[in-house]
Every structure is written in C-alpha cells, then in structure tokens.
Amino acid sequence: MENDLLLKLEQLHQRVGSLKDQIKTEEATKNAFVMPFIQILGYDIFNPTEVIPEFICDIGTKKGEKVDYVLKKDNEPILIIECKHWKEKADAHNSQLHRYFHVSKARFGVVTNGHTYNFHTDLEKPNIMDEKPFFTLDLSNLKDSNLKILEKFTKNGFHLEGILDSAEELKYIKAIRKEFERELQEPSDEFVKLLVSKFFNKPLTASRMVAFKNYVKKAIASSINESISARLKTALTINETIPPKEEEEIQPIDENVENEDKIVTTEEEMEGYQIVKAILREHVPAHRIAYRDTQSYFGILLDDNNRKPLARLHFNSANKYLEVFAEGKDKGVKKLLNSLDEIYQYRQEITDALKNYE
C-alpha cells in the first residue's frame, strides 16, 4: 500500500510542479491539486456521501459559513479541508476551520495550498482546533514515516483512535526535537548546567558559564561529526565486501538483439522501473523514459535509445543492484539494494544521468 501511495504522491508532486504557473485562483488550486489528493486517499470525489464540497455550516448567529471540503465515512464527518491558493502558506491563521471545528463531529482538519498539507486536531483543548498542526505532509519531501501516518487517513485505513494516539506522539516528539535542535545550536544555561553538574562540582560563575557553553557546542559538533564518519566508514565497508562476481566490469552497451525467448520481465523489475520513472518525470516528459529488458539486466533509457542509458536494474541474482550513470553514460556504478524503496535514496544520481545527454 505504501509503495502505491508513494508513487501516486510523486506523480501529484510532478503535476503541481508542471501546472502551478498556470493556476491563477484558489478554485483552480482545488480542482487541479486538492481533488486529486483526495482521490489518492481513496475517496470518491463524485460521491456526495463521501466528499462534500462547499459544505455549509451555521455557527451561532452566522449563517451560510462554508468549508471547502468535508470527507465522510459511514455518513459521519471525519475530515474537514480548507484550501488556499498554491502561492499562499498552508497555515491555520484566520482559518474557517477554527470556527467550524468545534461544531463538527470531525476530529481532524486540514489546511492546504495543494503541495503542503497541515493536519490539525484538538489535543490541547477538547473541541477547539490546535493552532499548530500535529502532522505536515510536503509533497516535495516525502518520507516513509509520513506515508505511514497518511495511510491512516485513507478510506480503507482510517482508524480514529490510532490516529489520535499517533497525533499526540507526533506533537510531543516534534516539540522535543525542536527544543533539542535549539539547544544544539545555542545551549541554554539550564542545558549546560544539567550536563556540567554530572562531572563539575564547583560553582558556575558567569565566565565559566561562557566557557562551558563553548565546550558544549564543540563537544556536540564533535560527537555528530564522529557519528557521521562512523556511518560512512560502515557504508564503505559494506560496499567493499560485495561478492567479486557482482562487481564485474561494466560491459559496453550491446546493440545486438537479445534472444527474447529467454527474457522474463518480472513484476519487481517493472515496479523498480516505475519508481525510477517517477523520479525522472520531474525533469523530462514520461514518454521519453523507456525500458528494454535483457538477459543480464533491465535497462532504463532516454528516448528508447541504447546509447542513452539512465539506469539499470540487476535483479537476476541473490543480491539486487541499481546501476546509475551519474558519472557518464559508460561509467555505470552499482548500488546494493535491500529493498525497492532504497531506489529513492539515489534520486540525485538518477537525475544526474540526464546531464550526459544535454
């Protein structure tokens, strides 16, 4: 489910990028970007029992107030959505959601500009929408952790209590992380005292506080740098221990036609191709990205031209590899894959291959 969700969101991101300059109004933003997003969640935008546009809600003496969309499940509102023009920020300032939230049975509200989606609930005060979102989905920065959360908002995956538990966890983890990152950048007196009190028993004078703040910043920087270095060394070690038979020299592109009877294109190869295609579609039209399967590898080409390789999938052995051509069309470099999702880690190398044909 996550792979399918990721692919559809990648495609929507490409749509936003290619069409946004032609979108002049908030209404156009809704039609071009937000409605496809609702469809991705599995809701039928043409079914008024599931998706209600321009939902009218009377609030006290104010009549005829409208919210852009209400999503329903089992005839109960579960999500209200307010849309803004794609050039505006997707924040809840002066939002209709604040006014409608407390009279609605829906526990979640979304403010979106079509490429950023801020999800709100009422963790701080019952029936009053929190000012800050507990979850933000940015189509330009899709993460596995975000997909797991978004999956809970799909029509088939919606689970109220599960989302509320996740919302509280996300809210406080985000707050803790923000404070921690602030301390890393500029340690506070309280933070320094907490650390120093573990090993320094003398009074912290003003001059000592200044010195220890400097020590703390250097210690943190040193710790982070050493951690990064250790991970890089581990990655290099893994690369060096790839079995020799998998590290054979890259062969020149063979333009002879393969024996097609011996070629079997697997579902896994096609899924890998779709991921690479989704990445490349941000930069070139989809029709220019083609594939040719061979006995030794699955090739992904620009303009269906064997002289324009973009990537290759080596899925015919125990270990699976993605071969990228970021360094030149005759200089393929193999990347070990533990799962197809890891292809996204090499987004930059994949798109760099296009530079070979500029």
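The structure under discussion appears in the preceding block.
Residues numbered from 1 in each chain as written. Predicted model: local features only at pLDDT ≥ 70, side-chain atom pairs only at ≥ 80, totals over all residues. Heavy atoms only, no water.

Draft legend 1. Spotlight on the environment of Ala353. Residue position: Ala353 is located in the segment after α9 (347-352). On the basis of relative accessible area, Ala353 is assigned to the buried category, the value being 0%. Between the alpha carbons of Ala353 and Gly332 there is a distance of 9.8 Å; along the sequence they are 21 residues apart. Discounting chain neighbours no more than four positions away, the residues touching Ala353 are Leu310, Phe325 and Ala326. (Helix = DSSP H or I, 4+ residues; strand = E, 2+ residues; numbered from the N terminus. Buried < 20%, exposed > 50% of the residue type's maximum accessible area, 1.4 Å probe, protein only. Contact = heavy atoms within 4.5 Å.)

Draft legend 2. Structural context of a nonpolar patch on the surface. A grouping of Ile224, Ile228 and Leu232 is seen on the molecular surface, where their side chains present a nonpolar patch of about 280 Å² in accessible area. Of note, Ile224 is situated in helix α7 (residues 206-240). With relative accessibility at 40%, the residue Ile224 sits in the partly exposed group. (Patch = residues over 30% accessible without salt bridge, like charges linked within 9 Å, V, L, I, M, F, W, Y side chains within 5 Å. Areas by Shrake-Rupley, 256 points an atom, 1.4 Å probe, with all protein chains shown as cover. Salt bridge = Lys/Arg side-chain N within 4 Å of Asp/Glu carboxyl O.)

Draft legend 3. Region of interest: unusual backbone geometry. The phi torsion at Asn75 lies on the positive side, around 65°, for a residue other than glycine. The class for Asn75 is exposed, based on a relative accessible area of 57%. Unlike most non-glycine residues, Asp304 shows phi in positive territory, near 55°. In this fold, Asp304 is placed in the loop between β8 (298-302) and β9 (309-314). Residue classification places Asp304 among the partly exposed residues on the basis of a relative accessible area of 38%.

Draft legend 4. Layout of the side chain of Asp293. Tracing the backbone through its elements, the reader meets Asp293 in strand β7 (residues 289-293). Despite its burial, Asp293 remains without a salt bridge, the nearest opposite charge being carried by Arg312 at 10 Å. Here Thr265 takes part through its side chain, which lies 2.6 Å from a polar atom of the side chain of Asp293. (Lys, Arg positive; Asp, Glu negative; His and termini not counted. Polar contact = N/O pair within 3.5 Å; in protein donor to acceptor, adjacent residues only side chain to side chain.)

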